Amino acid sequence: MLSFQSSKNVLSLTEDLLVRIYELLAAESDRKSFRLVCREFRRIDTLTRRHLRVIRIEFLPILLRKYPRLQSLDLSACPRIDDGVVSLLLTRVGPGSNSPILGHWAWGLKSLVLSRATGLRFSGLEMLARACPCLESVDVSYCCGFGDREAAALSSAVGLRELNMDKCLQLTDVGLAKIAVGCSKLEKLSLKWCMEMTDLGIDLLCKKCVDLKYLDVSYLKVTNESLHSIASLLKLEVLGLMACPLIDDVGLQFIERGCPSLKVIDVSRCEGVSSSGLIFVVRGHRNLRELNAGYCLSQELSTALLHQMKNLNHLEVIRIDGARISETSFQVISANCKSLVEIGLSKCLGVTNMGIMRLVSACINLRVLNLTCCHSITDAAISAIAYSCRSLVCLKVESCNMITEKGLCQLGSFCLLLEEIDLTDCCGVNDKGLEYLSRCSELSCLKLGLCTNISNKGLSYICFNCLKIHELDLYRCTGIGDDGLEALSNGCKKLRKLNLSYCNEVSDRGLGYIGRLEELSDLEMRALHKITGVGLEAVAVGCKRLADLDMKHCEKVGDSGFWALAYYSKNLRQINLSYCGISDMALCMVMGNLSRLQEAKLVHLSNCTVEGVELALRACCVRIKKVKLFAPLRFMLSSEILEILHARGCIIRWD
Amino acid sequence: MSSGILEVPKGASFTKFNTQHQQKWEDPSSTSDYSTRIEPPFQAFNQTSQTQSLLLCNNQIKVPMQDGSVNDLLQASKIQDWDPSAMLNNLSFLGQKIHQLQDLVYLIIGRKGQVLGRPDELLVQQQQLVTADLTSIIVQLISTAGGLLPSVKQTLSAATTSLGQCGEFGGVVFPSSAQGLNDGVQPQNAGGSKVSEPPNSVDITSNNGNEQSNHIIEEHELKDEEDAEEGENLLPGTYEILQLEKEEILAPHTHFCTICGKGFKRDANLRMHMRGHGDEYKTPGALAKPTKESSSEPTIIKRYSCPYAGCKRNKDHKKFQPLKTILCVKNHYKRTHCDKSYICSRCNTKKFSVIADLKTHEKHCGKDKWLCSCGTTFSRKDKLFGHITLFQGHTPAIPSDEIKAAPAGTSDGATNKVGSVNFNLSYVSSESEVQSSSMDIKGGIDDAVGYFSPLSFDTCNFGGFHEFPRPPFDDSESSFAFLLSRSCNYSQKSGEE
C-alpha cells in the first residue's frame, strides 16, 4: 500500500496514474484499503470500478448510484432481490428530487449475475432486459422459479452471448425456444439440470443459435436425437454431456461426423457410453484438447481406443476416473499425448508406480494430477512426478497411504509452483513431511484431513512459509491444538476456509486466534468440546466475513457466544446449530438478527422449547430459504408459521 | 375376385373384405389374391353356399360371351399372340372334367333313391366331393381365361401385366350386375370414380344379409388425399385426360335412379335404393359393386384435369399435374377455387370449403394447445417446433391466461412499492445521521462503504416490498435492537476498522 508519509506526492499524481495504480490492485481487500485512504482515492474507485458484487441488498440503490460505470454486477449474494427492487432500481426516484436517474447504471451493464435470485420473476427480468441494452452475459442459475415466462422476458435481451440457466427447474422447451429465437447470437449456454428439456428444444436451439461455442446439457434426459442436432453446430468448441443417461455410442457417432471445431467434450458418468463411443469421438476430432470420460469406462481402456488416442497430439486434459488402466496404456499416452497438462486417474484400478513413472517420463508439462484412491502409489511415484513435472500446480493423492515424508521432500524440492495438494487420509504424512512441503510457498489449498500424525509443530512450518494459504482442512487432526492455531493466525492471514472439526484439543484460546483471521468466511468446527461462549464470541467479533458456520455438537457454548454471533456476524448465510445448548432467547436473537441468514440447521436443540423455535422461525421467516428441523416439531409448530415459510419459498427438511 | 360372390360364407367374408379393402383396383397385387380367394372358401362351403356357388358357376361360364362385346377393341389386338390350340386343349380338358362330375351326380341321385333311410353323413361327404371338383373346374376355367391376357399385356406395357389379370378377373365376376345398373346411370363415371369406392362395396355386401338398407356413407370417410398422387410420374400421353365441367363437379348428385329420377351421391346408395323398385334389383349380382366391365380398360389410365384455367391441375398448365380420381377433382376444385363457406362453430375462425375438412377440424378444434406467436395453433409440440424452425422470428406463445393474471398483480405491486419506497427514501436521507449514531450495527462489508446506514434501507425495503402480511417478527435489524442496546454491552464500534 502507499505510505502516508508520501501522501503529498501521491495526491499530486494525476488521475490517470492513480487509475493505473488502482487497476494493478487485484485483491478485493486491497482495493478496499485503497478507497478508504481519502476522498480522492474513493473518487478514483467510483470512476474506475467495473465490477460490483453486492453482499447486502439494502445498499444496492446507493451503490449503483455511486458506481455509474459498472459493466458487471453480481447479485448472487442477494437472493432476496425481487421484481419490486428491480423496478425501484430502474425508476427515477421522484419528480423534483435531486437524485439522478437511477436507471443510468444499467446502460453500460454487460454482465449480470442473478444466480439464486428466486424472487425475481418475469416482470423484473423484462425490466432488466429492457433497461440494459448492452447486456451480453446473464446468469440465472439456481433460480428455481425461472420458467418459460421468465425466459420469454429475458429473450428481449437480443445481444445476449452468454447465458447460464443451470437448475432452472421450471424451464421447458418453450422457454428455450423463446431464448433461442430471441437471442440468436448466443455463444455460451448452460442448461444443466433443466430437467424438462427434451430433444425438441435442443434441436430448435441448434438450428437457431448457430454461433454456439459452448453448450452444456449435462444431466438432461436428452437422447441421441439431440446429439444429431448438436453435431450440426459448426462453431461448437465445448460440449458438456455429463451424466446424460439416454445418450450412447450411436449418438457419439453423430459427433464424430459433426462439430468440426470441437475441442472439449465431457461424457463422464454417461451410463450408455463405452470405449467404442469414445473411439468415434476421438477418431473424428484429432484436435481435441480435453476429454472427460470419468466413470463411463468400467472395463479396461480398449486397445482400439488407445490406438486412436495416438492421434490426439494436442490433448491437454484427460480424465478417465474409475477406469481400469494398465502400464502399457500409460506408455501409449505418454508417448503420444506430450502436451498433456492435466490427467485425472481418480479411483482408477491398476495405477502403479511403474505406470506413473512411464506417464511422467514424457508428460513433463503436467500441472494437475489426480490420483485419489490410487492406493498402490508410493513415494517412488511421487518422486518421479516431482522430478519430471516441475510445473505441477495441483496434486490430489487422497487416501494414498503409502506416501511418507520422502515423497513430500521431493515435492518440496522440485514442485515449487504447487498450489493445491490433497493429502486427506494419508497417514504417512507427519510433521517432517509438512516441513518439506512448506517449501512450496505458493500453496493456497492444503487438505490434511484424517492425518493423525501431524501436530502443532508441523502446522507451524506450513504457517510460517505458506502465506498464501486460503483453504485449510484439518478435519480430525487430533494432534492440532491452540498453538497450531496461533501459528496459523500469525502466518496465513488470507485464510478463507478452515475445517477444525473434531480437533478435540482446540479451546477458547485457539478460537481467539481464529478471530484474528479477518478473511475467514467458512468455518467448520464440529464437536469442539472445550470451547465455550467466549471462544465463539471471539470468532464472531473477529471474523467479520464469516458466512458459513458449522458448530454442530459444540455443547458447551453458552448463550453469551450466540448473542455475540447474533450481534456481529451480520454476513452469516448458513449456520448449523444442531446439538448445541442454545436457549430460546438466544435462538430468537440469532435467527432474527442475522439479516443475511438463508440456511439453518436446528436439530436436537436440547435447551429450546417449541415456542422458542416457533418464535425464532417467525423472526427469520421472510428471508430464510432452507431450514432443517427436528421431525416431531412438524406437528407441534403452528400451521401458520409453516404456511408462511412455505409461501416464502422456504424448504423445510425434517430430521 | 370380389365380395359380390363371396358374400355368403360368413366366416370367410370378413377376411375377404379386408383384403379387398387393401387392394386398390389398379393395384397390381392380385395374382396372389387370386389363389387365396378361390380355394379356401369353397372348401368350407355348406349346403346353402353350394347353390350360390352353382350360381356363380353359371355366371362365370357366361362370362366369355358377355365380355366378348365389351372387349371388342382389345380382342382385336389380342388375337395376334393368342394360341388357340392351347386354349382348345384346356377347354377339352375342362369338358372331360364336367362330364366326370355329371356322372358322379347321376350316381348320387341313383343311390339316393335306394337308401332312403341312411343318415345324411354320406350325402354331406358327396356334396363336399362335388364341391371340390367344381372348385377345381372353376380354377381351371379362370386360369384358361386368364391365359388370354398376358399376351394382350405384352403388346401394351409389361408393367401392368398383373393388373390386367385383376381387371379381367373383375370382369369375369361382375358383368351382369355392372350392365344392369350402370348403363344409364353414370355415364361420366365409367372407371375413375370407382377407384375410390372399394369400401362401399364392403358396406353393401355386409349389410345385404342383414336387410339393413339405406346405409348412407358419409363422403368424408373416403376423403381422398389430393396430394397422395403428387409423386406420381406418368409420362404425358400415357394416360387419358378427362376434364369435367364446373357444374358437373359442383353437382350435389352424380347417380340418378333410372326409374324415379332420384339423385344420389354414391352409386352404392343408389343400388340400395334400387331394391325398392323390384326383386330383380335384389340379386347379389345386381347389388354387387359394378366394377369396370373392363378386363380391358385398365390398360388406359385415366387422369383428370381441373377446368379452372391457370390452375396447376389444368391440362393447359405448363407443369400440369393431373388429378387421380373424380373425388380428387371435386375436393381440389372446392378447396382451391371455391369460397370457404363452412365455418367452424367452435373457434369461428377456421373456414373450409369441403365439409369433410370442417369435420376433421372440428374433431380436434380447441385441442390445439401449442400456439405460435403468429397465432397458428398446433395439436402437437413437435409440429409447433417444426413451424418455429421454419419461420424466422416466430416463437412459441405462452398461454395468455396465466400472463393476464400475473402482470396485473405485479405491476400494481410494483407501483405500490415504488410509492412507499419513495417515501422511505426521503425518510432515510433525513434521518440517516441520527440512526447511524444511535445504533450503528453494520458489518464490515467490502462493497458497502460505511456511509449508509443498513438499517434505514432495510426498514424501507420490508415496509414497501414484501407482499406477505408482516409477521410479528419482521426482518429488520431493529427487531431486537432494543434488546441489544440494553442487555449487551458490546461496544458498538468494536467490529469496525
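Residues numbered from 1 in each chain as written. Chains lettered and ligands numbered in written order. Predicted model: local features only at pLDDT ≥ 70, side-chain atom pairs only at ≥ 80, totals over all residues. Heavy atoms only, no water.

Colleague: How would you explain the overall build of chain B if you had to name every residue and give the values?
Modeller: Within chain B, the regular secondary structure consists of 20 helices and eight strands. Taking all 497 residues of chain B together, 41% fall into the buried category. For chain B, restricting intrachain contacts to residue pairs at least 6 apart in sequence, the fraction spanning at least 24 positions comes to 59%. Put simply, chain B shows about 26600 Å² of open surface, and 56% of that area lies on carbon and sulfur atoms. (Helix = DSSP H or I, 4+ residues; strand = E, 2+ residues; numbered from the N terminus. Buried < 20%, exposed > 50% of the residue type's maximum accessible area, 1.4 Å probe, protein only. Contact = heavy atoms within 4.5 Å. Areas by Shrake-Rupley, 256 points an atom, 1.4 Å probe, with all protein chains shown as cover.)

Colleague: Could you give an account of the packing of aromatic side chains, naming the residues involved and the relevant values?
Modeller: Any aromatic ring pair is given by two values, namely how distant the centres are and how the planes are angled relative to each other. All names here are of chain A. Applying the stated rule across the entire model yields six aromatic pairs over all chains. Between tyrosine 387 and phenylalanine 414, the aromatic rings sit 5.4 Å apart at their centres with planes inclined by 85°, giving edge-to-face as the arrangement. Highlighted residues: tyrosine 387 in helix H17 (residues 379-388) and phenylalanine 414 in helix H18 (residues 405-414), separated in sequence by 27 residues. Here phenylalanine 414 falls in the partly exposed class, since its relative accessible area comes to 25%. Ring centres of tyrosine 475 and tyrosine 502 lie 5.7 Å apart, and the angle between their planes is 85°; on these two criteria the pair is classed as edge-to-face. (Phe/Tyr/Trp six-rings, centres within 6.5 Å; stacked < 30°, edge-to-face > 60°.)

Colleague: Can you break down the UniProt feature "domain: C2H2-type" (unreviewed entry) in chain B residue by residue, with the values?
Modeller: UniProt records the feature "domain: C2H2-type" (unreviewed entry) at residues 255-282 of chain B, using the numbering of this structure. The span residues 255-282 of chain B shows a helical share of 29% and a strand share of 14%, and its end C-alpha atoms are spaced 18 Å apart. (UniProt positions renumbered as here; feature names shortened; annotations may be inferred.)

Colleague: Describe the state of the cysteines, and please don't skip the residues or the numbers.
Modeller: All names here are of chain A. Overall, the coordinates contain zero disulfides over all chains when judged by the stated rule. Here cysteine 134 stays unpaired: no disulfide links it, and the sulfur of cysteine 132, its closest cysteine neighbor, is 8.6 Å away. Free cysteine cysteine 503: the closest other cysteine sulfur is in cysteine 477, separated by 5.6 Å. Overall, the relative accessible area of 0% leaves cysteine 503 in the buried class. (Disulfide = S-S within 2.5 Å.)

Colleague: Talk me through a nonpolar patch on the surface; I want residue IDs and the actual numbers.
Modeller: Where nonpolar side chains cluster on the molecular surface, the patch consists of B:Val105, B:Tyr106 and B:Ile109 and spans about 310 Å² of accessible area. With respect to the helices and strands, B:Val105 occurs in helix H6 (residues 84-114). (Patch = residues over 30% accessible without salt bridge, like charges linked within 9 Å, V, L, I, M, F, W, Y side chains within 5 Å. Salt bridge = Lys/Arg side-chain N within 4 Å of Asp/Glu carboxyl O.)

Colleague: I'd like a rundown of the confidence of the model for chain A, residues and numbers included.
Modeller: Residues and elements named next belong to chain A. When the pLDDT values of chain A are averaged, the result is 90; 97% of them are 70 or greater. Considering each helix and strand of chain A separately, the mean pLDDT is smallest for helix H1 (residues 7-12), with a value of 66, and largest for strand E18 (residues 497-499), with 97. Note that pLDDT drops below 50 for residues 93-99; the model gives that stretch five contacts with residues more than four away or on any other chain. (pLDDT = per-residue confidence, 0-100.)

Colleague: Run through the pattern of salt bridges, naming residues and quoting values.
Modeller: Taken as a whole and judged by the stated rule, the model has 29 salt bridges over all chains. The partner of A:Asp45 in a salt bridge is A:Arg49, with the nearest N and O atoms 3.8 Å apart. Both residues of the pair, A:Asp45 and A:Arg49, count as buried. Residue B:Asp279 is joined to B:Lys282 by a salt bridge in which the shortest nitrogen-to-oxygen separation is 3.6 Å. The exposure class assigned to B:Lys282 is partly exposed, which follows from its relative accessible area of 46%. Several salt bridges share partner residues, and in doing so they unite A:Glu28, A:Arg35, A:Asp45 and A:Arg49 into one network.

Colleague: Please set out helix H15 (residues 326-337) of chain B residue by residue, giving values where relevant.
Modeller: Three or four residues apart is the spacing at which side chains of an α-helix point the same way, because the helix has 3.6 residues per turn. Between its first and last C-alpha, H15(B) extends 16 Å over 12 residues, near the 16 Å set by a 1.5 Å rise per residue. When we look at burial in H15(B), the residues that qualify are B:Ile326, B:Leu327, B:Cys328, B:Val329, B:Lys330, B:Asn331, B:His332 and B:Tyr333. (Expected span 1.5 Å × (residues − 1).)

Colleague: Could you give an account of the environment of A:Asp249, with specific residues and numbers?
Modeller: Residues and elements named next belong to chain A. Its location among the elements puts aspartate 249 in helix H12 (residues 249-257). Classification of aspartate 249 as buried rests on a relative accessible area of 14%. The sequence separation of aspartate 249 and valine 281 amounts to 32 residues, and the corresponding C-alpha distance is 9.4 Å. Beyond its immediate chain neighbours, meaning those up to four positions away, aspartate 249 contacts Gly272, Val273, Ser274, Ser276, Gly277 and Phe280. Within the local environment of aspartate 249, its side chain forms a polar contact with the backbone nitrogen of glycine 277, the two atoms lying 3.4 Å apart. (Polar contact = N/O pair within 3.5 Å; in protein donor to acceptor, adjacent residues only side chain to side chain.)

Colleague: Hey, could you go over the side chain of A:Ser489 for me, with residue numbers and the actual values?
Modeller: Residue and element names in this part refer to chain A. Note that serine 489 resides in helix H21 (residues 482-491). Using a relative accessible area of 0% as the deciding quantity, one classes serine 489 as buried. Here the side chain of serine 489 touches glutamate 486 through a polar contact of 2.8 Å, landing on its backbone oxygen. Filtering out sequence-adjacent residues up to four positions away, serine 489 remains in contact with Tyr513, Arg516 and Leu517.

Colleague: Please give an account of a positive patch on the surface that cites residues and values.
Modeller: All names here are of chain A. A grouping of Arg116, Lys167, Lys626 and Arg653 is seen on the molecular surface, where their side chains present a positively charged patch. Counting through the fold element by element, arginine 116 comes out in the loop between strand E3 (111-113) and helix H7 (122-131). For arginine 116, a relative accessible area of 43% gives the class partly exposed. (Lys, Arg positive; Asp, Glu negative; His and termini not counted. Charge placed at Lys NZ, Arg CZ, Asp CG, Glu CD.)

Colleague: For the packing of helix H25 (residues 584-593) of chain A against helix H26 (residues 610-620) of chain A, give the residues involved together with the corresponding values.
Modeller: Residue and element names in this part refer to chain A. Running from N to C, H25 and H26 point in directions that differ by 15°, and their axes come no closer than 8 Å. As far as their axial angle goes, H26 and H25 are roughly parallel. Read as a crossing pair, H25 and H26 show a hand that is right-handed. Contacts from Asp584, Leu587, Cys588, Met591 and Gly592 of H25 reach H26 at Gly612, Val613, Leu615, Ala616, Ala619 and Cys620. Taken together, the residues that form the contact of H25 with H26 break down as eight nonpolar, two polar and one charged. (Axes fitted to C-alpha atoms, helices over the stretch in contact; angles between N-to-C directions. Parallel < 35°, antiparallel > 145°, perpendicular 65-115°, else oblique. Left-handed = near helix turned anticlockwise from the far one by under 90°. Nonpolar A, V, L, I, M, F, W, Y, C, P; charged D, E, K, R; others polar.)

Colleague: Would you mind going over the pairing of strand E23 (residues 626-629) of chain A in detail, with residue names and values included?
Modeller: Residues and elements named next belong to chain A. Two strands pair when backbone bridges link them, and strand E22 (residues 599-602) and E23 are joined in this way by four bridges, in the parallel orientation. Bridged to leucine 602 within E23 is leucine 629. Read from E22 through H26 to E23, the crossover connection turns out right-handed. Sheet topology note: the E23/strand E24 (residues 651-654) ladder contains four bridges and is parallel. Bridge pairing links valine 627 to isoleucine 652 in E24. (Pairing = 2+ DSSP bridges. Right-handed = clockwise from strand over helix to strand, strands pointing away.)

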